[in-house]
Amino acid sequence: MENDRQKEVINICLDHFIENGLYEVSTRSLSRALKLQNAGLYYYFASKDEAVIQCAAEAAIRVEDALIAPTIQDMADLDNMAPTMRFLATVSGSKRYQEEMKPVIDGMGKRYAHYVDVVAKKLDCDSEEIEPYVYITISAVIGYMVFGEAAFTAPQIKIVKD
């Protein structure tokens, strides 16, 4: 049951970060979002930084679940996940969280390798043949979500077409 509550807490905190922005959120506002007293956040996280990292890990999973995995079957609505992706990009790009984000990014890389295998199987080809296209597509999707501009994906699309 504690694990369910921890997941709920992470989801509430992540939604709060997405709504308000990484640098505008305080431990007090996170506690309020959780309907806890001011220091209540520390029951679940050792620090705000730990909350940020766990929320970023959840953001990575949300982005993958909503966009990358379904893209294997049908293209999902990128605009819905863009705020989550921007939060993840902000945390990942921050020097403050760089070290702690390495396992999250490594985990994403391992899951991307799985997506390559799934696509290769669906297309009846070797993973090595399709791998560059899957990574280019992932790069294009992430770029679109972070920058909100379809023109950002033009170089990736050109590579795939050529």
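Note that the structure is predicted; figures quoted are calculated from it, not measured.

Within the protein chain one finds seven helices and zero strands. Tracing the protein chain from N to C terminus, the helices and strands come up as α-α-α-α-α-α-α. Looking at the protein chain as a whole, 38% of its 162 residues qualify as buried. Partitioning the intrachain contacts of the protein chain with sequence separation of at least 6 by distance along the chain shows that 58% fall at a separation of at least 24. Roughly 9,500 Å² of accessible area belongs to the protein chain as shown, and the carbon and sulfur atoms make up 53% of that amount.

Overall, the coordinates contain five salt bridges when judged by the stated rule. For Arg96, the salt bridge is made with Asp49, and the minimal N-O distance between the two is 3.0 Å. Note that Arg96 is positioned in the loop between helix H4 (78-93) and helix H5 (98-123) and Asp49 in helix H3 (residues 48-71), a separation of 47 residues in sequence. What emerges from the salt-bridge pattern is a single network uniting Asp15, Glu58 and Arg62.

Moving on: the packing of H5 against helix H6 (residues 127-147). At a minimum axis distance of 9 Å, the contact between H5 and H6 shows a crossing angle of 120 degrees. Viewed along their axes, H5 and H6 adopt a mutual orientation that is oblique. In this structure, H5 crosses over H6, and the sense of that crossing is right-handed. Of H6, the residues touching H5 (which contributes Gly109, Tyr112, Ala113, Val116, Asp117, Val119, Ala120 and Leu123) are Ser127, Ile130, Glu131, Val134, Tyr135, Ile138 and Ile142.

Let us now look at unusual backbone geometry. Most of the time, phi is negative for any residue but glycine, and the peptide bond is trans. Even without being glycine, Lys35 reaches a positive phi, approximately 60 degrees. Following the sequence through the fold, Lys35 ends up in the loop between helix H2 (27-33) and H3.

Among the structural elements, Ala89 can be located in helix H4. Separated by 56 residues in the primary sequence, Ala89 and Met145 have C-alpha atoms spaced 9.7 Å apart.

With that settled, the discussion passes to H5. The terminal C-alpha atoms of H5, which comprises 26 residues, lie 36 Å apart, in line with the 38 Å expected from a rise of 1.5 Å per residue. Buried within H5 we find Met101, Val104, Gly107, Met108, Tyr112, Tyr115, Val116, Val119 and Ala120. Note on H5: the residue one or two positions beyond its end, Asp124, has a positive phi of about 55 degrees.

Turning our eyes to something else, we now look at the confidence of the model for the protein chain. The predicted model of the protein chain averages 84 in pLDDT, with 89% of residues at 70 or higher. The lowest-confidence element of the protein chain is helix H7 (residues 154-161), averaging 72 in pLDDT; the highest-confidence one is H2, averaging 95.

Here we come to the side chain of Ser29. Relative to the helices and strands, Ser29 resides in helix H2. A distance of 3.0 Å separates polar atoms of two side chains, one belonging to Ser29 and the other to His16.

With that settled, the discussion passes to the side chain of Ser31. Relative to the elements of secondary structure, Ser31 occurs in helix H2. A distance of 3.3 Å separates a polar atom in the side chain of Ser31 from the backbone nitrogen of Leu41. With near-sequence residues (within four places) excluded, Ser31 lies in contact with Leu36, Gln37, Asn38, Ala39, Gly40 and Leu41.

Thresholds, definitions, all that
- Residues numbered from 1 in each chain as written.
- Predicted model: local features only at pLDDT ≥ 70, side-chain atom pairs only at ≥ 80, totals over all residues.
- Heavy atoms only, no water.
- Helix = DSSP H or I, 4+ residues; strand = E, 2+ residues; numbered from the N terminus.
- Buried < 20%, exposed > 50% of the residue type's maximum accessible area, 1.4 Å probe, protein only.
- Contact = heavy atoms within 4.5 Å.
- Areas by Shrake-Rupley, 256 points an atom, 1.4 Å probe, with all protein chains shown as cover.
- Salt bridge = Lys/Arg side-chain N within 4 Å of Asp/Glu carboxyl O.
- Axes fitted to C-alpha atoms, helices over the stretch in contact; angles between N-to-C directions.
- Parallel < 35°, antiparallel > 145°, perpendicular 65-115°, else oblique.
- Left-handed = near helix turned anticlockwise from the far one by under 90°.
- Expected span 1.5 Å × (residues − 1).
- pLDDT = per-residue confidence, 0-100.
- Polar contact = N/O pair within 3.5 Å; in protein donor to acceptor, adjacent residues only side chain to side chain.

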